[in-house]
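# Chains, contacts and geometry: an overview
Listed below are the residues making up each chain.
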2 protein chains.
Amino acid sequence: MSNTPSAGDVVAAAERIAPHVHRTPVFTSRTLDELLGAAVFFKCENLQKTGAFKFRGACNAVLSLTDEQARAGVATHSSGNHGAALACAASLRGIPVRVVMPETANPAKIRAVTHYRGEVLPCAPTLAAREKSLAAYVEESGATVVHPFNDAQVIAGQGTAAREFFEQVADLDLLLTPVGGGGLISGTALVAKDQDRGVRVVGVEPAGADDAQRSLRSGERVANTAPDTIADGLHASLGPLTFAIIEQSVDDIVTVNDADTVHAMRWFWERLKLVIEPSAAVAVAALMQGKVDVSGRRVGVILSGGNADLDALPW
Amino acid sequence: MSNTPSAGDVVAAAERIAPHVHRTPVFTSRTLDELLGAAVFFKCENLQKTGAFKFRGACNAVLSLTDEQARAGVATHSSGNHGAALACAASLRGIPVRVVMPETANPAKIRAVTHYRGEVLPCAPTLAAREKSLAAYVEESGATVVHPFNDAQVIAGQGTAAREFFEQVADLDLLLTPVGGGGLISGTALVAKDQDRGVRVVGVEPAGADDAQRSLRSGERVANTAPDTIADGLHASLGPLTFAIIEQSVDDIVTVNDADTVHAMRWFWERLKLVIEPSAAVAVAALMQGKVDVSGRRVGVILSGGNADLDALPW
């Protein structure tokens, strides 16, 4: 499915993946609400299986395969949460999964893939090498490539987090999500702009990987050439599918610097006792730094993941 | 109230504090369940107000004061979670609160008290100095001393966590809690042994502060002379009230070493994405090290707190 997904595809995805995903809880902080003069709700996808929202999209993609496609397995390249998510999703269906990862990948991320019996195929740490390795494997195996974000089933799956969020919290005025390749915010926007809910959707990017903001403002998709941010899940640039949805349905993209992200991450761990990774903390930082006008509003934040490196905390 | 509290006092405490405490959620881990061949449920008092179960007992004690007593305020000595809990409880009633703390106390713990407008009275870092400072203040102010654990209203308040736990999870066979001064396990045992529920209650102590195990086994209350453990919330020795309840109603006390506690704490953060402090992690360590026979059982663990020092992680 390479066409633009619809809100209806999110509904279908939600039904498809319901038996397998966690309905993640929503947390609040009275301290933060008083600070901001707003009511903020955190949708805890750090508590999702594999520690990130990525499992939703990967699960929807894997469960959408025909039996014949499924027999040949799935493959992707990823140095982060999508690889583990796809491996976990494939394990549900008992099908082969191969994840092309750079030789320099964090050992914890490699273990996360092998934990679900995914095969890791190491390659040189360049995009060209990754794509070549992946293409060679697909040619040989007939596996289906599940792209981390530029894929309609993946986007529809990611949208199920927002769909649940609306069921859990009434009358949200604004939804905030981190933006990397754009899968999460695209799925979120499909849900938020459906049925005239009148909900604003705002993305948050690290200043050091701000392709989505530049793309949205210029009306032309541009890429991050040398991403420089601690939020390692947000290095990717938008794809054609995600850019199209963002241009149509996202109201704004704001940026935060890494120092503010680290401060927000530490504050969140200390106050809410929840482990979130830097890529999730960007959205908290945007709130704390006043990058989004939330005064008097009901604000939903999707905390994208919790796979922080506990051996190298950034403070 | 210095008599031994009853299960009925826990019921009264639960009604009294209900408007003020969080009904904390229960978390599970499929990975851990598979590892242990058990069904383990974690009651997340790390998500309680002030980051620890201590708020329950402090809240019950403060709300139980007569208006005349309340006017003179409350006081305690604490280098840890009880001080912040009492300050927060006192702020609910708008009454004065003074916490005697050693000059060497962690600045974060001091801030936690002042955050709730508690007054901190520094003293030399000895038990004698603390008690002298506290006695002098009480003499002058007429404040009521709220002991961190050897107090019937405090014990009854701590028992409300177990009471909620039984409402949230059916058919628990075994409850596990950390043991410091014994307030939490005493309150827990009052609830678990009420109405012939047939639930075992087991405490977990650090090997370097094992007074409760020694006391239970010898039938005579002994003290920790030089507690040596990373679990800084568990340095205290049992009091007469908590020892009496433990002797009557606790089935066993097991110990864990600090290395296993640190391992369990890190594993818990990584897998469950929840921040727990070392004093809570001892109970997870006991499970992971097979210190308690849980095979085939439904096991409830009360995670006592989440106030870990993020600047000095023990791994």
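Rules of the game
- Residues numbered from 1 in each chain as written.
- Chains lettered and ligands numbered in written order.
- Predicted model: local features only at pLDDT ≥ 70, side-chain atom pairs only at ≥ 80, totals over all residues.
- Contact = placed C-beta atoms within 7 Å.
- Nonpolar A, V, L, I, M, F, W, Y, C, P; charged D, E, K, R; others polar.
- Pairing = 2+ DSSP bridges.
- Helix = DSSP H or I, 4+ residues; strand = E, 2+ residues; numbered from the N terminus.
- Axes fitted to C-alpha atoms, helices over the stretch in contact; angles between N-to-C directions.
- Least-squares fit on C-alpha atoms with pLDDT ≥ 70 in both.
- Domains from an automatic or database assignment.

Next up on the list: the interface of chain A and chain B. With 12 residues of chain A in contact, the opposing surface of chain B contributes 12 residues. Among the residues making up the side of chain A that touches chain B, the classes are represented as 6 nonpolar, 3 polar and 3 charged.

Right, let's talk about the sheet that holds strand E1 (residues 26–27) of chain A for a bit. Residue and element names in this part refer to chain A. Here we have 6 strands laid out as an open sheet, ordered E1-E2-E10-E7-E8-E9, and mixed in their pairing. Either end of the sheet is taken by a strand with one partner, and the two such strands are E1 and strand E9 (252–256). As paired strands, E1 and strand E2 (residues 39–44) are joined by 2 bridges and run antiparallel to one another. Pairing of phenylalanine 27 across the sheet is with phenylalanine 42, part of E2. Together, strand E7 (174–178), strand E8 (200–206) and strand E10 (298–303) form the strand contacts of helix H9 (residues 183–192), whose direction differs from that of E7 by roughly 165°.

Time to look at the relation of the copies chain A and chain B. Overlaying chain A with chain B gives an RMSD of 0.0 Å, the required rotation being 180° about an axis along which the chain moves by 0.0 Å. Considering both components of the superposition, the chain copies are consistent with a two-fold axis. When each C-alpha of chain A is compared by its distance to the rotation axis, leucine 274 of chain A comes out closest, at 2.4 Å. Mapped onto chain B, 100% of the interface residues of chain A again fall at the interface, so both copies present the same surface.

Note on placement: valine 294 of chain A falls in the loop between helix H13 (278–288) and E10. With sequence-adjacent residues up to four places away left out, valine 294 of chain A is seen in contact with Leu36, Ala38, Leu174, Leu287 and Val299 of chain A.

Right, let's talk about the domain arrangement of chain A for a bit. All names here are of chain A. Along its sequence, chain A is organised into domain 1 (7–53 + 152–303) and domain 2 (55–145). Computed from C-alpha coordinates alone, the two centres of domain 1 and domain 2 are separated by 24 Å. Taken together, the 22 residues of domain 1 in the interface contact 15 residues of domain 2. For the side of domain 1 that touches domain 2, the secondary structure elements donating two or more residues are helix H1 (7–17) and helix H8 (152–168). Among the elements that line the side of domain 1 that touches domain 2, the one with the most residues is H8, at 8 residues. Among the residues forming the side of domain 1 that touches domain 2, the class breakdown is 9 nonpolar, 10 polar and 3 charged.

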